[in-house]
Each structure stands twice: as structure tokens, then as C-alpha cells.
Amino acid sequence: MSSDEPLRAHIEALVHAGSVRRKSAAAQLEAEIRRREEVLRQTFRRYVSPRVADKILEDAQLRDTLLSTADARAHAVVLFADLRGFTSIAEQLEPHSVVPLLNEYFSLLTEITFRHEGTVFHMAGDCLMLGFGVPLEQPDSAQRAVRAAREMLDGFRELARSWRERYRIEAGLGIGINEGDVVAGNIGSSSYMNYTIIGDAVNVAARLCQRARAGEILFSRTLKQSLDAHGVDIGATPLPALQLRGRSHPIDIFCVPLETRLQWSAEPFAA
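Here the structure is a predicted model, which means the values were calculated and not measured.

Q: Explain the side chain of S141 to me, using residue names and the numbers behind them.
A: You can see S141 is positioned in helix α6 (residues 141–167). The residues contacting S141, other than those within four sequence positions of it, are V77, F132 and G133.

Q: Just give me the short version of the packing of helix α5 (residues 95–115) against α6, but keep the residues and values in it.
A: Orientation of α5 relative to α6, taken along the N-to-C sense of each, is 160°, at an axis distance of 9 Å. Classified by the angle their axes make, α5 and α6 are roughly antiparallel. Regarding α5 and α6, the two cross each other, and that crossing is right-handed. Where α5 approaches α6, its residues S97, L101, E104, Y105, L108, L109, I112, T113 and R115 are matched on the opposing element by A148, E151, M152, G155, F156, L159, W163, R166 and Y167.

Q: Lay out helix α7 (residues 200–211) in plain terms, naming residues and giving numbers.
A: With twelve residues, α7 ought to run about 16 Å at 1.5 Å a step, and its terminal C-alpha atoms sit 17 Å apart, in line with that. Looking only at α7, the buried set comprises A201, V202, V204, A205, L208 and C209. Taken end-on, α7 shows its buried residues confined to a sector of 165°, consistent with a single buried face.

Q: I'd love a proper account of the environment of L136, names of residues and values included.
A: Relative to the helices and strands, L136 resides in the loop between β3 (127–132) and α6. Spatially, the C-alpha atoms of L136 and K55 are 8.6 Å apart, while their sequence positions differ by 81 residues. Dropping the residues within four chain positions of it, L136 is found in contact with V52, K55, I56 and L62.

Q: Tell me about helix α2 (residues 50–58), and please be specific about residues and values.
A: Taken together, the buried positions of α2 are occupied by V52, A53, I56 and L57. Down the axis, α2 shows its buried residues gathered within 140° of arc, on one side only. Those residues of α2 that are exposed and aimed more than 90 degrees away from the buried face are R51 and E58.

Q: Describe the packing of aromatic side chains, listing the residues and the values that go with them.
A: Summed over all chains, the structure comprises five aromatic pairs. Their ring planes at 50° and their centres at 4.9 Å tell us that Y105 and F106 sit as a pair that is tilted. Judged on exposure class, the residue Y105 and its partner F106 are both buried. Ring geometry for F156 versus W163: centroids 5.6 Å apart, planes at 90°, classification edge-to-face. On the basis of relative accessibility, which here comes to 0%, the residue W163 falls in the buried class. Linked through ring pairs, Y105, F106, F156 and W163 together constitute an aromatic cluster. Stacked on the ring of F254, the Lys or Arg K224 has its end atom at 5.5 Å from the ring centre.

Q: Now, about the packing of α6 against helix α8 (residues 221–229): what can you tell me, with residues and values included?
A: Running from N to C, α6 and α8 cross one another at 110°; their axes reach a closest spacing of 9 Å. By the angle between their axes, α6 is roughly perpendicular relative to α8. Pair α6 / α8 crosses with left-handed handedness. Facing α6, whose interface residues are A142, Q143 and V146, α8 presents L223, S226 and L227. Here the residues of the contact of α6 with α8 are counted per class, giving four nonpolar, two polar and no charged.

Definitions and cut-offs
- The numbers attached to residues start from 1 for each chain and follow its sequence in the written order.
- Since the coordinates come from a predicted model, pLDDT governs what is reported: local features require at least 70, and pairs of side-chain atoms require 80 or more to be given and counted, while whole-chain, interface and lining totals use all residues.
- Based on all heavy atoms of the structure, the side-chain values leave hydrogens and waters out of the count.
- Counting from the N terminus, the helices are the DSSP runs of H or I reaching at least four residues and the strands are the DSSP runs of E reaching at least two.
- Note on definitions: a residue-residue contact is assigned when non-hydrogen atoms from the two residues lie within 4.5 Å.
- Angular values range over 0 to 180 degrees, each being the angle between N-to-C directions of two axes fitted as lines to C-alpha atoms, with helices fitted over their stretch in contact.
- Orientation categories follow fixed angle ranges, with anything under 35 degrees roughly parallel, anything over 145 roughly antiparallel, 65 to 115 roughly perpendicular, and all other angles oblique.
- The crossing is said to be left-handed when, going from far helix to near helix, the turn is anticlockwise and less than a right angle, and right-handed when the turn is clockwise.
- Under the convention used throughout, the expected extent of a helix is 1.5 Å for every residue step, that is, one less than its residue count.
- Remark: exposure states derive from per-residue accessible area (1.4 Å probe, protein chains only) relative to the maximum for the residue type, with buried under 20%, exposed over 50%, and partly exposed in between.
- Directions drawn from the helix axis to the C-beta atoms are what define this arc.
- Stacked, tilted and edge-to-face are the three classes applied to pairs of Phe, Tyr and Trp rings, where Trp contributes its six-membered ring and a pair requires centres within 6.5 Å; stacked means planes under 30 degrees apart, edge-to-face means over 60, and tilted covers the rest.
- Here, a charge over a ring means that NZ of Lys or CZ of Arg falls within 6 Å of the ring centre while also lying within 35 degrees of the ring normal.
- Residues are grouped as follows: nonpolar covers Ala, Val, Leu, Ile, Met, Phe, Trp, Tyr, Cys and Pro; charged covers Asp, Glu, Lys and Arg; every other residue, Gly included, is treated as polar.

Given below as C-alpha cells:
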């Protein structure tokens, strides 16, 4: 039996080494899973609030859907916010001054969006496209959108005052909101993709935003009907029906009443 001792010791050493390697491999795998989950969490938090990002990560099916190229139909409230006077601002200021100005603007609006658990779908130039009720359903998405829009106008009023003092420029904010069916998914090419929403509801919201004056929120009858169905009365003021290019019939539109409607123009700031 003594002659078997070296063999037994060698086998035990191999078993022990295998156990150590298995434990090491398991630890490495666990660390890699945690790292990837953190990357996903940080990625989602670029578009949604931390709370919504955590909900997405907890739902494996929803998470996989968002990361795949498959699209999904959803009912959503779409909000567009757009600066009034950006062309004039870009003309008056040096490019290095415009960048921090835009960062302040987008930071303000995205922080408000996340407070109301909305999703940032698109950010370009001076325009922001947001969604409520997608990718997670929100029964009160219409109310969230209106509350966020009002908060944006209030917050931007202070920001515009700061810009006036610092840069001697005038700026306003116009907002358009619509509700309807959209298609959400990753759209792009093999080298670049973007998670976004498309559909007629998105197009109408964009057109309403284009028509909104500085300090004004324009929204569709569809959104108003959703607010009415939930017993939410914001004292909406009906406006003349709007004929949108490419549509055969005009749409009924409303605005959120404001204490002061800004009569803003693109004229340079007067000293």
C-alpha cells in the first residue's frame, strides 16, 4: 500500500487543484456577470430614471427585448421640447459658449423627465424627444407628461433669465404632446443603433411642438381624452383646429393655460 501513497497524493492534489480552478472560474464568471449588469444599468440610465432602469433589469424578458433588434408595439405619450431662438443664439455666441449652454438646457429637461419616470429617446440640436408609458407601461402617462411639461417651462424660465444676465440673449421653450400607438425598437445599422419610437403619434407630437410658441404647451384631443378619462382637469383651452401637412383632416388641439403667454421673437437682445 505504501507504494500507492505517491499516486494517492497526486490524485488528491489534482482534485484539490480542480476544485480551486472551479471556484476561481465561478468567481470570475460571477464578477463578469456583475460587470455586465452594471454596464447595462448605466446604459439604461442614460435614457430612463434609475428606478425605471432597475425595473427593466429585473425583468429579463423586457431587458432582452430592449437589447434585441425586434420591435414592439406600445401605447405611449410622446413629448417634444424645442428651444425658441436657438438659431439667433448660435449666431450671437461663439461655439465654445453654445456647448455649455446646451448642456445646461438638456440637463434641466432630462432631470425633470427622470423625476416623472419618462424616457429620453432623442436629443439633437436644441430638440428633445421623450416618451411616457414606454418601455414600461404607465397608466398615468398622460398626467406625467403634462406635469413634466409644466415643470420644464417653470425651470426653463429661470434658466432663460440666467442666460439673459450672462450672455445677453433671449430664449424660449415650446412643447408639443400627443398620445397614441408607437413602435419601439432598436433602429439603425450593424455599426450603429438607437433605441427609439416611431409612428404617426410621434410625427403629430413633433408638429405640435413646431407650432407651440415660447412658454406654450400644445397637445392633441387624444391626450385630453386620456386626462378626462382619469378625471384630471387642467383647464385646457381649445384652440382652432390645426391642419398638418400630409394629413387629410385637421386635428383638434388644446393648450395648457398659462398666467403669462410669452410673446417672444427672434430679434437680437436689445441693450
